[in-house]
Amino acid sequence: MEQSHLDRETFSCSICMDLLKDPVAIPCGHSYCMKCIKTHWDAEDQKGIHSCPGCRETFTPRPVLKKNIMLAALVEQLKKTGLQAAAADHCYAGPEDVACDVCSGRKLKAIMSCSVCLASYCKEHLQPHYHSAPFRKHKLVQPARDLQENICSPERQRELEESRGKIQQMIQNQEKDVKLLQQEVEAINHSADKTVEENDEVFTQLIHLLQRRSSEVKQQIRFHQKTEVSRVKDLQKKLEQEITELKRKGAELEQVSHTEDHGQFLLNYSSLPALSESTHTSSIKIRPLRHFEDLTAALTEFRDKLQQVESDSWDNVLLMVTQMDVLLSGPEPRTRAGFLNYYCEISLDQNTAYERLELSEGNRKVTLLNKDLPYLRHPDRFTFWSQVLSRESLTGRCYWEVEWSGKVCVAVAYKNISRVGNTDACGFGFNDKSWALYCSNLTFGHNNIWTSVSGPVSSRVGVYLDHTAGLLSFCSVSDSMTLIHRVQTTFTQPLLAGVWVLGKGNSAEFCQPSRYTFLSPIAAPGSLF
């Protein structure tokens, strides 16, 4: 049986895998069926180079084929031995065998399978995996019937291991990031603690400086007080002595005036000393009732200048603190409860109020009257526009609500907005230093560009400011919240809250929102919850 198998393989064509028919030998020494090798070379004619299907040796030009008579006789003799059937039964794949995926017609048994090609090959069709360079890297395994499933399982195992490795790497990276964040937390805490200490030291020094200056002023006041009082008392004492002397002389004159003897009267009168003018009366100058008031005015001026310097410098400090909030800045709140986390108490600055604006409710409410109020002149006061600004500088994240009646604009503005005159440079919304919402007709203005906005008209407006993110939102507040208008820009200075009251009797109040507890998400413009 083994000899039959070897004999058959010896005289078989490696192309059709059958016994040679009209065998021919090509220059490299391999033999093929005349028809098989012609078909193979016909396919290579366009290349101009012809090759051996077994060893891949190339030939130029195409070799001339002639039938190998001796080989043909041997094949015929093999056919006559009657062993062809036995050999075929041994080489062809049966039901229990793995068949070659390349063989056409009746398939031969596969001797190996390729885990890369996902195919099984007989001995002849496996040859390229041994002789061709591109195939040498392929992995050959024992013939497998369920090759795809067998290959998939190791492949999935490999992918699983790769995934586990990636997860481990991700864990290591995340743990490294956690350590870095922890270091950042420690650095932030250290920097904050150090800055707080320096803050305490700076303000302590300022307090000591002011206390020292106050003490020096007090000492000077007391010194001048003592000097002046001593001077006045000395004069007073001397005058009292003169008064006593004058009373004594007056008594003598009174006594002389009662002398009845004329001779004696003349004698007594001539002996009286002559009266002289007081040596102190001319030096006494009665001053107005303003002893140290001039000093008080100077101190007041010093205080105002110090407050101005402090305010300007403090705005820069707040702006620096706000810029530190960038890394921690999260998304805009979506519910009123979320907005209330940033609620800011707003009070109005009387020094900025137009002369007919009356402040009440702890400087949280403003009403326009038809008469001037006895306000002192102040450089921060609006002289024409019926507007008022807040005392608080707004940076970071802030939220406040305004209850309005009549014709009112709710606004924010830079501190350096103009105050004097009736020009657009002073009016909220008419310049690049302010942003204003006209509440009754829902019109938004900035830099003198006014735009109609949509949304329900409510007597209460919520204002949300994220100074760092450059975000300013106006919302209608009633049984729910509706976004009226949102501004995205870049704020270069701290802002002040403001209102512009346009009609007599109209009012606006920065109210405390504690009586409302909405949890509904904020609605988009034009929609309500």
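Residues numbered from 1 in each chain as written. Predicted model: local features only at pLDDT ≥ 70, side-chain atom pairs only at ≥ 80, totals over all residues. Heavy atoms only, no water.

**A few points about the sheet that holds strand β7 (residues 140–141)**
Strand order in this open sheet of three strands is β6-β5-β7, and the pairing throughout is antiparallel. The outermost strands of the open sheet, each flanked by one partner alone, are β6 (119–121) and β7. The pairing of strand β5 (residues 112–114) with β7 spans two bridges and is antiparallel. Note that in β7 the partner of Ser-113 across the bridge is Val-141. (Pairing = 2+ DSSP bridges. Helix = DSSP H or I, 4+ residues; strand = E, 2+ residues; numbered from the N terminus.)

**Some words on the packing of aromatic side chains**
Under the defined criterion, the tally for this structure stands at 13 aromatic pairs. Residues Phe-382 and Phe-428 carry aromatic rings whose centres are separated by 5.8 Å and whose planes lie at 85 degrees to one another, so their mutual orientation is edge-to-face. Taken as a pair, Phe-382 in the loop between β9 (365–368) and β10 (387–389) and Phe-428 in the loop between β12 (408–414) and β13 (434–438) lie far apart in primary sequence, 46 residues in all. Phe-428 gets classed as buried once you look at its relative accessible area, which sits at 0%. Among the aromatic residues, ring-to-ring pairing joins Phe-384, Trp-385, Phe-430, Trp-450 and Trp-500 into one connected group. The ring of Phe-382 carries Arg-419 above its face, with NZ or CZ at 5.4 Å from the centroid. (Phe/Tyr/Trp six-rings, centres within 6.5 Å; stacked < 30°, edge-to-face > 60°. Buried < 20%, exposed > 50% of the residue type's maximum accessible area, 1.4 Å probe, protein only. Lys NZ or Arg CZ within 6 Å of the ring centre and 35° of its normal.)

**Points about helix α3 (residues 69–80)**
When the terminal C-alpha atoms of α3 are compared, their 17 Å separation across 12 residues agrees well with the 16 Å that a helix rising 1.5 Å per residue should span. Residues of α3 that are buried include every one of Leu-71, Ala-72, Val-75 and Leu-78, and no others. Buried positions in α3, seen along its axis, are confined to an arc of 120 degrees and lie on one side of it. The exposed set on the far side of α3, more than 90 degrees from its buried face, consists of Ile-69, Met-70, Gln-77 and Lys-80. The distance from a side-chain oxygen at the start of α3 to the backbone nitrogen of Met-70 is 3.4 Å, and the residue carrying that oxygen is Asn-68. (Expected span 1.5 Å × (residues − 1). Arc of directions from axis to C-beta. Polar contact = N/O pair within 3.5 Å; in protein donor to acceptor, adjacent residues only side chain to side chain.)

**With respect to the pairing of strand β8 (residues 357–360)**
Along β8, the buried face is formed by Leu-357 and Leu-359; none of Glu-358 and Ser-360, which line the opposite face, is buried. Taken together, the four bridges between β8 and β9 define a ladder with antiparallel strand orientation. Opposite Leu-357, over in β9, you have Leu-368 as the bridge partner. In sequence, β8 turns back onto β9 through a hairpin of four residues, with Glu-361 there showing a positive phi of about 55 degrees.

**Concerning the confidence of the model for the protein**
Overall, the predicted model of the protein reaches an average pLDDT of 83, with 84% of residues at or above 70. Contacts of residues 1–6 to residues separated by more than four positions or lying in other chains number five contacts, the stretch itself having pLDDT below 50. Low confidence marks residues 515–519, where pLDDT is under 50. Its contacts with residues over four positions away, or in another chain, come to 15 contacts. (pLDDT = per-residue confidence, 0-100. Contact = heavy atoms within 4.5 Å.)

**Here we look at the side chain of His-129**
Of note, His-129 is situated in helix α5 (residues 127–131). Once you skip the residues sitting within four places of it in the chain, His-129 turns out to touch Cys-114, Cys-117, Tyr-121, Phe-135, Arg-136, His-138 and Leu-140.

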